[in-house]
Every structure is written in structure tokens, then in C-alpha cells.
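Structural features, examined
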Amino acid sequence: MEYIKYRFYQKASKCSAEFQRLKKEHADVVLGQVTLGQVLTGMKGIPLLVTDTSKLDPEEGIRFKGYSIPELQQKLPKMNPEGEPLPEGLFYLMLIGEIPSQEDALNLSIDWATRAHVPQHVFDVIDALPKTSKPMTQFSAAILSMATESIFQKAYRAGVNKKFYWDATYEDVMNLIARLPRIAAYIYRRQFHNSDHIEPNPRLDWAGNLAHMMGFNSEDIRRLFRLYMIIHADHEGGNVSAHTAHLVGSALSNPYYAYAAAMTGLAGPLHGFANQDVIFWIFEMIEALGTDAPTDEQVSDYCKRTLEEGRVIPGYGHAVLRKTDPRFTAQEEFANKYIKNDPLVNLVNQLYRVVPPILGSVGKIKNPWPNVDAYSGSLLYHYGIKEYTFYTVMFGVSRALGVLASLVNDRIYGMPIERPTSHPLSWFKQQAEGKGSDC
Ligand code: CMX
């Protein structure tokens, strides 16, 4: 067994035994109450999922295996001391629970480079779609079409013992992650560069290769891509993309199916699509105001108009967070360090000043602060990736790291099929008011 897989097995099989023991010995422990309010507002705050890769605190933000983003920036291996950490190191951390050495991270990079070959039919599937299909449609279709390669599916069909499901899942997960940069870059070059494709460079790291195949080779862009891939990788288990991968995977659907399903969830405007919506909305504002350097008052009026039209202000608010997202702050710090006087970045900073008090004054919005999507597009745009309909694909490539690490865990824990209970609305009315109704 190769080294990373062996290390994972060693660590995770202990946790798997704990999972099984808790299930057997403490099934009756009560974890809390579920209120009707929670059911009617998207099941927020109900402790229902086991996810070990990261944990989200409403006030502090995300921690990956206990490490905050600034701590990861300090501790994870880098290509050069001035740069951002390698996403390979974060994947290792999420999978194995330890900060990897430089050698561990580079070995993982090499492992992914050797697994990165994408079968021709995946490109054919992309090419068969009209160029008017959204990049996320092309991305999800490409992933689904790659299920032909699923080792898990073949092992299951061959009757493998369930205690080895994790092994075939691990292989699928590593192959899938390794191939994502090539697929994403292929969609980007097809859509926006006349199908002038660029071959991978196996000597580059995973994020550096994505930048390279998209046509960007400066060290500045590699640094941004590594940061981007780190901060979008995981956000505990209840967000739409992570939960979808877990749910679909719980039916023993192969990792390609589970991750493709997650990507169709990420493509929704309340989730990952918000990263393109932010830029779209800012350009709408620039056009409506006739300037890319509006006053705070003009911006404030425009925000109020958006709310009056019954729309959301994209990039603001969160289902769990109640403070500025540390993923926003990491990008703000990056911009302060490396970008001087960019009109779009300036506008993003101005919105950070203007939007929260407006959202706060609405009353019902639980979190008036910016999330990760408020900043990310402006950075990509600054470095020349101006095709913002592609941005959610980049989010998706990164999100694979967390949701697929979790999927391997799900399989080694032997997690059962997920099946919560539903009732008609009248049942809930009965519980609340003592009588049901016909709607
Ligand atoms: N602009 C306007 N209204 C907003 C808002 C915003 N940015 N954020 C929340 N609200 C509204 C909600 O639509 C909801 O309205 P209704 O009661 O009329 O349905 C009300 O405020 C209460 O919502 P909430 O409990 O504060 O937030 P939710 O958990 O329901 O939703 C989120 C969270 C992120 C979907 C929401 O804040 C939103 O729509 N934000 C804009 C889209 C966005 O940035 N999404 C990206 C999130 C991060 C990610 O997944 O990538």
C-alpha cells in the first residue's frame, strides 16, 4: 500500500472503530431538541452530520482540523517561503489529520500528476455541449461522464467485501482530484480561447498546473490560485455541496456521481454561483451609476434599490457565520499586499464599508457581513481572468478537496444510507397548534 493511503488507513481505522462503538453503545444519547423554526428555515443548527475535515464557528469562521486560515498559512508546506501553502498539504491534513512535511506535500503533488490523465471521451462530452452551456453545466457533465473510470463501481460489481469499500473509494477520489485541473482548464480554453488547449506540465503543482493550463504562468497567479484553492476547499459538512456529496455517496453511488451532484448544488446562486453574481452585480451597478468610482452615497442608494427589488446582495450574509468571513479577510490581506489601486478591488472594499449597516438595518438578515464570494472575483479579474461565468468552476475544483476527503472517511467509517423523516405540512401544524389542515 502506498504511503499516504497507508497513513490514512492507520489513522482512520481507529476513528472508524470509534464510530462503530458509539453507534452500538450510545445510540440513545440525546443531542438536543429540534424546533419547528429550525425545520422551516433549512434545518440550521441541528447537529446531524459527522464531518471530520473542518468545523465552522459562527464567530470565528472555519478551522481545518483545528487550524484557522492564518495558521494554515504559517504551517502548511509552500513552494517558496513567500508564497501561499500548497493545497496538496491541506488535503493531506484533512485526510490524515496531521500537518504534512514538505516531502509529504510534494509526494502528493507527484502522485496526482501521475493520475492526471483524462480519458478522451470526457473531452468529447464537453465538446458535444453547445458553447452556450454554462461552464458549470460542462463541468458537471464532464465529471459524470468520467464515472466510466470508477474503481469503486467495478469493485462493488465484483462483490468486494464492504470493509474494503474505502480502498476503492480512495483510488477514485485521488484520480478524480488529480484530473480536475485538466477538465476545468479545458472548459476555460474551449469557451474563452477558441479551444486553443494547453497540455499539462507534470513538474508543476496541482494549483500551478491549473493556472498554467488556463494560460497563466506568472508566480503572482500561482500564489493567488494556491490561496484560492486553500480557502474554498471545505466549510464543514452542512453546506449544499458538501452535504450533497455525502448524501449521494451514502447510497454507495460512486465518487464521480457524488461529486457531480455536489457541483450542481454549488452552481446555485445562494451557494458558489454567488462568486460570479458578485461581479455581475457590481458591473450592473457601475453601468447604472455611470462610474466605476461612485461615492458611498451612490453605492448605498444602489444597494437599497437592489433590496427593494426583492433581490439579495450577493457575497453578503451566511447561513452559519455571524462575522466577516475569514476567507474574505485572507483575500483582503492578499489584495492589500499585492494589488495597488485596482478599481474593482477598490469597489469591493467600498462595499465592505457600505453594505453591512444597510443589511443590518433590514432586521431579518442574520449576518450582514461579507462571505468568501464578495472578494474572490475581483482578485481573479485583476489578474486577467475576466470571464466570470467560469469562477464557480474554480470554486468547484477547490471544493473537491474537502468533500472527497470526507467521502473516503464516510466509507471507512461504514456510514449508512442517509434517510431523515419527512411529514406533510399539516403534521407540523398539528404539532404546533394541536390541529392539522389540508395544506
Ligand atoms: N441580501 C438580501 N437579503 C438577504 C441577504 C443578502 N445578502 N442575506 C440574507 N438575506 C435575507 C434572506 O433572503 C432571508 O429573506 P426571507 O426571510 O425573505 O426569505 C432573510 O434575509 C433571512 O436570511 P438569513 O437567515 O440571514 O440567511 P439564510 O441562512 O437564509 O441564507 C445566504 C444564507 C448565504 C443564502 C444568504 O445570506 C444570501 O442569499 N446571501 C447572498 C448570496 C450569497 O452570497 N451566497 C454565498 C454564500 C457563501 C457560499 O456558499 O459560497
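Residues numbered from 1 in each chain as written. Predicted model: local features only at pLDDT ≥ 70, side-chain atom pairs only at ≥ 80, totals over all residues. Heavy atoms only, no water.

Before going further, it helps to examine the packing of helix α14 (residues 274-289) against helix α15 (residues 296-308). Viewed as axis vectors pointing N to C, α14 and α15 meet at an angle of 120°, and their least axial separation amounts to 11 Å. Here α14 and α15 pass one another in a crossing that is right-handed. In this structure, α14 contributes Trp281, Glu284, Met285, Ala288 and Leu289 to the contact, and α15 contributes Gln298, Val299, Tyr302, Cys303, Arg305 and Thr306. Looking at the contact of α14 with α15, its residues break down into seven nonpolar, two polar and two charged. (Axes fitted to C-alpha atoms, helices over the stretch in contact; angles between N-to-C directions. Helix = DSSP H or I, 4+ residues; strand = E, 2+ residues; numbered from the N terminus. Left-handed = near helix turned anticlockwise from the far one by under 90°. Contact = heavy atoms within 4.5 Å. Nonpolar A, V, L, I, M, F, W, Y, C, P; charged D, E, K, R; others polar.)

A few words now on the packing of aromatic side chains. In this structure the tally under the stated criterion is 22 aromatic pairs. Within the aromatic cluster, the residues linked to one another by ring pairs are Phe8, Tyr9, Trp166 and Tyr170. Sitting above the plane of the tyrosine 338 ring, arginine 223 keeps its charged end 4.0 Å from the centroid. (Phe/Tyr/Trp six-rings, centres within 6.5 Å; stacked < 30°, edge-to-face > 60°. Lys NZ or Arg CZ within 6 Å of the ring centre and 35° of its normal.)

Before going further, it helps to spend a moment on the pairing of strand β1 (residues 54-57). Covered by surrounding structure in β1 are Ser54 and Leu56 only, the residues Lys55 and Asp57 on the alternate face being uncovered. With four bridges connecting them, β1 and strand β2 (residues 61-64) associate as antiparallel partners. Its bridge partner lying in β2, aspartate 57 is registered against glycine 61. Counting the residues in the hairpin turn of β1 and β2 gives three residues. (Buried < 20%, exposed > 50% of the residue type's maximum accessible area, 1.4 Å probe, protein only. Pairing = 2+ DSSP bridges.)

Quick look at a nonpolar patch on the surface now. Taken together, the side chains of Val34, Leu36, Val39, Leu40 and Leu425 present a nonpolar region at the surface, about 420 Å² in accessible area. Per-element tally for the nonpolar patch: the top contributor is helix α2 (residues 36-40), with three residues. With respect to the helices and strands, the residue leucine 40 is situated in helix α2. (Patch = residues over 30% accessible without salt bridge, like charges linked within 9 Å, V, L, I, M, F, W, Y side chains within 5 Å. Areas by Shrake-Rupley, 256 points an atom, 1.4 Å probe, with all protein chains shown as cover. Salt bridge = Lys/Arg side-chain N within 4 Å of Asp/Glu carboxyl O.)

Moving on to the pattern of salt bridges. Under the criterion given, the structure shown has 25 salt bridges. With a closest N to O distance of 3.4 Å, aspartate 220 and arginine 223 form a salt bridge. Residue aspartate 220 and its partner arginine 223 are both found in helix α11 (residues 219-231); the two are separated by three residues, about one turn of the helix. When its relative accessible area of 36% is taken as the criterion, aspartate 220 is described as partly exposed. The closest approach of N and O atoms between aspartate 296 and arginine 353, which form a salt bridge, is 2.8 Å.

Time to look at helix α12 (residues 240-250). Turning to α12, its buried residues number three or more, namely Ser241, Ala242, Thr244, Ala245, His246, Gly249 and Ser250. For α12, the secondary structure elements touched by its buried residues are α13 (255-266) and α19 (391-413). Phi for leucine 252, located one or two positions after α12, is positive at around 65°.

Take glutamine 73: it is sitting in helix α3 (residues 69-75). For glutamine 73, a relative accessible area of 18% translates into the label buried.

Let us now look at the packing of helix α17 (residues 343-362) against helix α18 (residues 373-382). It is at 9 Å that the axes of α17 and α18 come closest, and there the two elements cross at 170°. When the axes of α17 and α18 are compared, the pair comes out roughly antiparallel. Handedness of the α17/α18 crossing: left-handed. Across the interface between the two elements, Leu344, Val345, Val348 and Asn349 of α17 pack against Ala374, Tyr375, Ser378 and Tyr381 of α18. Class assignment for the residues of the contact of α17 with α18 results in six nonpolar, two polar and no charged. (Parallel < 35°, antiparallel > 145°, perpendicular 65-115°, else oblique.)

Let us look at the site of the ligand. Surveying the vicinity of the ligand reveals 21 residues, the closest of which are His271, Gly315, Lys364, Lys366 and Asp373. The separation between a nitrogen atom of the ligand and a polar main-chain atom of leucine 270 is 2.9 Å. Here lysine 366 contributes a side-chain N or O atom positioned 2.7 Å from an oxygen atom of the ligand. When isolated, the ligand has an accessible area of 890 Å², and the protein chains bury 75% of it. Grouping the constituent residues of the shell around the ligand by class yields eleven nonpolar, five polar and five charged. (Near = heavy atom within 4 Å. Polar contact = N/O pair within 3.5 Å; in protein donor to acceptor, adjacent residues only side chain to side chain.)

What follows is about the nonpolar core. Counting 118 residues, the largest nonpolar core has Phe91, Phe139, Ile183, Met214, Phe225 and Tyr259 as the members making the most contacts within it. Beyond its immediate stretch of four places on either side in the chain, phenylalanine 139 contacts Leu180, Ile183, Ala184, Ile187, Tyr259, Met263, Val393, Gly396 and Val397. (Core = buried A, V, L, I, M, F, W, Y, C linked by side-chain atoms within 4.5 Å.)

Tracing the backbone shows phenylalanine 225 in helix α11. If sequence neighbours within four positions are ignored, phenylalanine 225 has contacts with Ala207, Leu210, Ala211, Met214, Leu380, Ile385 and Met394.

The next subject is the side chain of serine 68. Within the element layout of this structure, serine 68 appears in the loop between β2 and α3. Residue class for serine 68 comes out buried when judged on its relative accessible area of 15%.

Moving on, we get to unusual backbone geometry. Residue asparagine 194 is not a glycine yet carries a positive backbone phi of 55°. Following the sequence through the fold, asparagine 194 ends up in the loop between α9 (165-192) and α10 (206-214).

The next subject is α10. Here α10 lies mainly inside the structure; nine of its nine residues are buried. Listed as buried for α10 are Trp206, Ala207, Gly208, Asn209, Leu210, Ala211, His212, Met213 and Met214. Those residues of α10 that are buried are in contact with α4 (87-96), α5 (102-114), α9, α11 and α19. At the C-terminal side of α10, glycine 215 shows a positive phi close to 110°.

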